[in-house]
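Architecture and fold: a report
Now for the letters of each chain:
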Amino acid sequence: MLAAALLVSPAARADAVPAGDAAAAARLADELEAAGKGQPLAQALAEALAASRKALERARGARAAGDEPHAKLLDALALEWAQAAAAQRRAFAAEQAAARAAKEAREVSVQLGRARALLAETQAQRGLAEAELARVEAEAREARDAAAAAEAKRTARGAGARKAATPKQAKP
Amino acid sequence: MSRPFSSRGQGYWAGVILSWICSLSACAPVPRPDVLAEAERVRKAPAAVEAERLAPAAFARADDLRRRADQAFEDGDLAGAQLIAERAIAAYADAVALARVAKAERESTSASSERDTKRVELAALEGEQRRVSAELEALELRVKATRDAQPIVPSGPADPAREQARREAARALSIQARLLCTGARLLLAPAAPSDATAGGADRASAAGDLDAAEAALAKLDASLAAGGPVPIDEAGRVRAGCLAALTRVRRAAAAVGRAPGAGDELLATLSASALSPSRDDRGVVVALREPFRAAGLSADGEARLASLARVAAAHPAFPVAVVVHEERASPRDAAMWRSRADAVVQKLRASGVTRVEAVLAGAGAPLVDPSSRDRARNSRVEIVFVTPEAL
């Protein structure tokens, strides 16, 4: 046992990791598989998760052969792949969010273009309506002025007739 | 024939050759495992190069693992070197994924910012669209109203009885014109000092129209007072001029489409107070019957006025015109009616109503025939809440 420990390479000793790596890797891989089940995410994570599972399998084999130091290195490798899968999951989510935001920005941009066009059209219609109003008001003004002139003539005639009908006062 | 190698000799030479092979294989350099080269390749891939920039810490950790794998190999730990190199490859994958996260987050932030900026711009455009649409609608309505207006047919000469009827009608139109112009004048007076400059050129132009309408009204009154043929058509035009001036003042005071419905709210408030309001060109009207006692207000009149004053004070955008109608024209009672009108105005002002003005309408706008038995109904006070918005 002691001899086996002494035969372990310095690098393997340096990379000796806590025994919990295997458990952590398995837990993380399970969690990620459950999260991605039946979703496009599963395909994105498949490779990294398969590598993690394979490393765990190899670690078990190494342990069975009594090679604990390399088993621990393999545990660390499994955890590394599981963590890479977790990072890929984050990347997948972030890319989806970015795609959503870009889609929304494009949609708002399209709406903006339509709103600009509609406003330009409405402004043009307003200009036409202003011109039309000026025209019909000018016509109405002309009719009003003509009526006022006719009435002025009538009242002037009436006032003249009234003046003529008033008897002149006899001179004392 | 001697045999080059006896069986014993054969064993010896086999041992020598084997020992040579063994010694040669022990001295030959151990080939570098593929996985180390692969880690090197992964490191140089474009995605990893980008990861070095976007996820420097994760990339540095992967680099460190790769160097340790090389070191292990140089130290003769082939298995350890392979496993650490594999771990370095996984760490590069981690760095690449983290770089994707950073890149996606950066793009997401940029897209969200662009989206939010455009949403603000869109909201502003939609507001402008609403305003321009409301203006267009108002213009189209005015075009339609002007087109649909009956052509003016000048009135011809009339017999004395018809002239008398025209005179009464012209006086009624004159009173209506005065009420409309008074409403416009009240609206022109700013509700608050900060409102004095609101409207700008539109307000000045509307004030010019109002001056012209009031001048035409004064001319009409003078003409009616002078006797002679009645300018009945002119009376109609003067009334129309005052209504147009009131409309222009309203348009100048509030942009089309902005906060419409204030009049509806006031009407609802007054209806809820059982004050039986009605609505006409001037605004919202509440008629008070028999609110006077001698030259002042009766107790009941005071109470009803107090109730109206509370509503008026709560709606400062609506100036108030007090219109006093007499039962029948009686020059002898003119001073008493003036005194009654002043009493109403004072009561309103004392209750916090700032913009209030009285108009003595005389008997020119009766509700019933002044010669009938129920002519007392003609005596009334109208409290007019002048609507500040264009309908």
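So, a few notes on the structure that sits alongside this text. (Residues numbered from 1 in each chain as written. Chains lettered and ligands numbered in written order. Predicted model: local features only at pLDDT ≥ 70, side-chain atom pairs only at ≥ 80, totals over all residues. Heavy atoms only, no water.)

1. Let's talk about the side chain of Asp63(B)
Residue and element names in this part refer to chain B. Turning to its location among the elements, Asp63 is positioned in helix α4 (residues 56–74). Looking at Asp63, its side chain comes within polar contact range of the side chain of Arg43, at 2.7 Å. In this structure, Asp63 is in contact with Arg43 and Tyr92, ignoring residues within four places of it in sequence. (Helix = DSSP H or I, 4+ residues; strand = E, 2+ residues; numbered from the N terminus. Polar contact = N/O pair within 3.5 Å; in protein donor to acceptor, adjacent residues only side chain to side chain. Contact = heavy atoms within 4.5 Å.)

2. Some details on helix α11 (residues 334–350) of chain B
All names here are of chain B. Spanning 17 residues, α11 covers 24 Å between terminal C-alpha atoms, matching the ideal 24 Å at 1.5 Å per step. Among the residues of α11, those classed as buried are Trp337, Arg340, Ala341, Ala343, Val344, Val345 and Leu348. Its buried side turned inward, α11 meets β3 (292–293), β4 (296–297), α10 (299–314), β5 (320–325), β6 (356–362) and β7 (380–386). At the exit of α11 stands Gly352, carrying a positive phi of roughly 100 degrees. (Expected span 1.5 Å × (residues − 1). Buried < 20%, exposed > 50% of the residue type's maximum accessible area, 1.4 Å probe, protein only.)

3. Some points on the interface of chain A and chain B
Across the boundary between the two partners, chain A contributes 58 residues, which contact 62 residues of chain B. For the pair chain A and chain B, the summed buried surface comes to about 5,000 Å²; carbon and sulfur atoms form 65% of the total. Across the chain A-chain B interface, the total number found is eleven salt bridges. Looking at the side of chain A that touches chain B, the elements with two or more residues in it are α2 (10–14) and α5 (68–165) of chain A. Counting residues per element, the side of chain A that touches chain B draws most heavily on α5(A), at 52 residues. For the side of chain A that touches chain B, the per-class residue count stands at 31 nonpolar, eleven polar and 16 charged. (Buried area = accessible area lost by both parts, 1.4 Å probe. Salt bridge = Lys/Arg side-chain N within 4 Å of Asp/Glu carboxyl O. Nonpolar A, V, L, I, M, F, W, Y, C, P; charged D, E, K, R; others polar.)

4. Structural notes on the pairing of β7(B)
Regular strands place side chains that alternate from one sheet face to the opposite one. Residue and element names in this part refer to chain B. The buried fraction of β7 amounts to seven of the seven residues, a majority that puts the element mostly inside the structure. Of the two faces of β7, the one carrying Arg380, Glu382, Val384 and Val386 and the one carrying Val381, Ile383 and Phe385 are both buried. The pairing of strand β2 (residues 283–289) with β7 spans seven bridges and is antiparallel. Along β7, the bridge assignment pairs Leu288 with Val381. (Pairing = 2+ DSSP bridges.)

5. Overview of the state of the cysteines
Residues and elements named next belong to chain B. With the rule as written, the count across this model stands at one disulfide over all chains. Two residues, Cys181 and Cys242, share a disulfide whose sulfurs are 2.0 Å apart. In this structure the cystine formed by Cys181 and Cys242 twists about its S-S bond by roughly -85 degrees; its chirality is therefore left-handed. Linking Cys181 in helix α6 (residues 160–188) with Cys242 in helix α8 (residues 232–253), this pair joins segments that are 61 residues apart in sequence. (Disulfide = S-S within 2.5 Å.)

6. What about unusual backbone geometry?
Residues and elements named next belong to chain B. For Glu290, which is not glycine, the phi torsion reads 45 degrees and is therefore positive. Mapped onto the elements of the fold, Glu290 is located in the loop between β2 and β3. Here Ala294, not a glycine, exhibits a phi torsion of approximately 55 degrees, which is positive. In this structure, Ala294 sits in the loop between β3 and β4.

7. Comments concerning the pattern of salt bridges
Counted by the stated rule, this structure contains 48 salt bridges over all chains. Here Arg61(B) makes a salt bridge to Glu80(A), at a shortest N to O gap of 2.3 Å. Here Glu80(A) lies in helix α5 and Arg61(B) lies in helix α4, a pairing that spans two chains. A relative accessible area of 2% means that Glu80(A) is categorised as buried. For Arg131(B), the salt bridge identified is with Glu135(B), shortest N-O distance 2.5 Å. With a gap of four residues between them, Arg131(B) and Glu135(B) both fall in helix α5 (residues 78–148), about one helical turn apart. On the basis of relative accessibility, which here comes to 31%, the residue Arg131(B) falls in the partly exposed class. Residues joined by salt bridges that share partners form a network here, namely Glu151(A), Arg154(A), Glu163(B), Arg166(B), Glu234(B) and Arg237(B).

8. Thoughts on α4(B)
Residue and element names in this part refer to chain B. Across its 19 residues, α4 extends 27 Å between first and last C-alpha, which sits within 8% of the 27 Å expected from 1.5 Å per residue. When we look at burial in α4, the residues that qualify are Ala58, Phe59, Ala62, Asp63, Leu65, Arg66, Ala69, Asp70, Ala72 and Phe73. Looking one or two places after α4, you find Gly76, whose phi comes out positive at around 90 degrees.

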